[in-house]
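So the chains spell out like this:
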Amino acid sequence: MKVLLKLMKKSTIYAILLVGGVIMVIPFLYMISTALVPNLYVIQYPPQLFPQNASLDNFIKAWQANNFQAYFINSAFVAVTATLITVVFSAMAAYAFARFTFKGKEVIFFTFLVVMMVPTTILIIPQFLLMKFLGLRNSLPGLVLIYSATSISMSIFLLRGFFEQLPKELEEAALLDGAGYFTIFTQIMLPLSAPGIATVSIFSFMAFWDEFIMALTFIDDPAKRTLPIAIALFQGQHGTQWGLVFAASLIALIPIFLIFFSLQKHFVGGLTTGAVKG
Amino acid sequence: MKMSMRTQKKLIPYLFILPAFILFCVFMVYPLIKGLQISFYNWSVMPNNPSTFVGWDNYTRAFTDKIVGVAFKNTITYVLITVPGQMILAMLLAVLIHSVTKGKVFFRTIYYIPVVTSWVIVSLLFRYLFQSPHGVINYFLVDLFHLTKEAVPFLQQANTAMIPIMGLGIWKGIGWSMIIYLAALSTIPHELSEAAAIDGANAWQRFWKITLPLVSPTVLFTLVMLLIGGFNVFISVYLITNGGPMQQTEVYLSYLYHQTFGYLDFGYGAALSFMLAFLIVAASGLQMKFLRRPQELM
């Protein structure tokens, strides 16, 4: 009797988890199946999860249409460069905050902390004017700079936490051997905090790859668009051609899913360093 | 002339901070101050038209603006529904996943997929799913489960257009809180629950009296992060309804965006920005107060 009860309880739990899982996944399945139906100008009804005339036409069309490849390269350039700048600059600053005592340390740190809480969207107006003033409107390097700036304080906090947990003995030994601080930073701190660096890189890259509002506001030149903008406008232009829109979306999702499925443990690690501390 | 070792050592931390600090000051701190200034001006976008100082006018105007009222109400509704929605469902899932032995990683992954998918793409996807009369959701409602007689024109009427937007907010966000709760649950020693079970506490009591108090700092952390995220809702509204029909689904940020870049009313937009910033910083301050050690945030 008790065994039966336990079995029932267990199957209820799995049933709930499965139903929830289906709700999570089913929108994506409809996205994929819509993308697989070619030349769909009118919406199919009833919607089919397993289309009979499936083909990759939409994917080929999307990949070749409207500068899509250029947008893909733009996005890759912006996301990769901004991630590099974010990681290098924030690691350097985090090292200073974790290992040195100096005048003004608290004030500078506090400034980073306070501005981090301000939602970036409210800065969009003055940033727009600033970009215009600096001649960085319609410039991908401009986008890189502003992306790095928005994520730098969060990264400093994460990395400072990592650096503080590292044992000091190695650095002290290196100092005695006559190594400079820059050598210590590149040869000891960075390699030892590789998991932290990975986490910051992943989160930055994904945020930059998806960023919409700034790219929408600062970039007018069609040749300089990034993927999120291109896809949103693509939908505007191609109205009911959802197959094409979703094929383009799925191509844009490839890098994100590749990173997510190959580096999953860093997601959990990265999220929880912030939230859970015993 | 060579600097002494001591001066050199004093300079080093500043050199390490400098690149980040310059970038941060130019693109974050300066715009913050500049934005505050703009909010007190009738800001002119034309270079030969001077901007005029208007004092608090832009701020007082917000209080009499009917659409600000609508947008604020919609934002609050969004927050009040999606934040508890995400937290309760995420906690339920986390407790369930934590209790099973097989398939932990599988379920964790499934629920996390929407979190990593870009807002732009899932917003378009939800717009597609909630179409009427021939959208997928309407197919479920009318033909599959016979819940409604006719297709619901979700996006065409003001009182239903927020449904896809809030649904998306919950669907996309659950995984994030869930992962964090799972991590917190794994730090609770088994012995506590077991001892309580022996004393006759049922699962529900054990959850309320033992588990929840122990993970409450984590719950508070997610609460504040979700509040901030909720007040910042924008992309989904912009792409699903664009504030329509008749500006009735406008949320705070979408209205701000339309005012600023649609009507080029930068001064008013900046004032609206700072009013929202004030709310959000207040919410963050609340967390500081509850969590005695602010470093727990990081």
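The preceding data block contains the structure.
Note that the structure is a prediction, hence the values are computed from the model and not measured.

(A) Representation of the overall build of chain A within the structure. The helix and strand inventory of chain A stands at 13 helices and zero strands. Scaling as 2.2 N^0.38, a compact globule of 278 residues should have a C-alpha radius of gyration of about 19 Å, whereas chain A reaches 24 Å, well beyond that. C-alpha atoms of chain A, sized along the principal axes, occupy 75 × 75 × 35 Å. A buried classification covers 44% of the 278 residues belonging to chain A.

(B) View of the nonpolar core. Counting 159 residues, the largest nonpolar core has A:Ala93, A:Leu143 and A:Ile231 as its most contacted members. Here this core spans two domains, and each of domain 1 (2-55) and domain 2 (60-275) of chain A adds at least three residues to it.

(C) Quick look at the interface of chain B and chain A. Contacts between the two partners involve 73 residues from chain B and, on the opposite side, 72 residues from chain A. Ranked by residues supplied to the side of chain B that touches chain A, first place goes to helix 1 (residues 5-38) of chain B with 20 residues. Here the residues of the side of chain B that touches chain A are counted per class, giving 55 nonpolar, 14 polar and four charged.

(D) Here's a closer look at unusual backbone geometry. All names here are of chain B. Pro 133 follows Ser 132 through a cis peptide bond whose omega is 0 degrees. The backbone of Asn 242 shows a phi angle near 50 degrees, a positive value even though the residue is not glycine. On the secondary structure map, Asn 242 appears in the loop between helix 10 (235-240) and helix 11 (252-262). Located in the positive-phi region is Met 246, a residue other than glycine, with phi close to 55 degrees. Here Met 246 is to be found in the loop between helix 10 and helix 11.

(E) A look at the environment of B:Thr117. Residue and element names in this part refer to chain B. Here Thr 117 shows up in the loop between helix 4 (104-116) and helix 5 (119-129). Overall, the presence of 23 C-beta atoms within 10 Å leaves Thr 117 in the buried class. Distance from Thr 117 to Lys 172, taken between C-alpha atoms, is 8.3 Å for residues 55 residues apart in sequence.

(F) A look at helix 4 (residues 105-117) of chain A. Residue and element names in this part refer to chain A. With 13 residues, helix 4 ought to run about 18 Å at 1.5 Å a step, and its terminal C-alpha atoms sit 19 Å apart, in line with that. Every buried residue of helix 4 is accounted for by Ile 108, Phe 112, Val 115 and Met 116. Looking straight down helix 4, one finds its buried side chains confined to an arc of 110 degrees; they lie on one side. In helix 4, those exposed residues whose orientation departs by more than 90 degrees from the buried face are Glu 106, Val 107 and Phe 110.

Parameters and conventions
- Residues numbered from 1 in each chain as written.
- Chains lettered and ligands numbered in written order.
- Predicted model: local features only at pLDDT ≥ 70, side-chain atom pairs only at ≥ 80, totals over all residues.
- Helix = DSSP H or I, 4+ residues; strand = E, 2+ residues; numbered from the N terminus.
- Rg over C-alpha atoms; globule rule 2.2 N^0.38 Å.
- Buried ≥ 20, exposed ≤ 12 C-beta atoms within 10 Å, placed from the backbone.
- Core = buried A, V, L, I, M, F, W, Y, C linked by C-beta atoms within 7 Å.
- Domains from an automatic or database assignment.
- Contact = placed C-beta atoms within 7 Å.
- Nonpolar A, V, L, I, M, F, W, Y, C, P; charged D, E, K, R; others polar.
- Expected span 1.5 Å × (residues − 1).
- Arc of directions from axis to C-beta.

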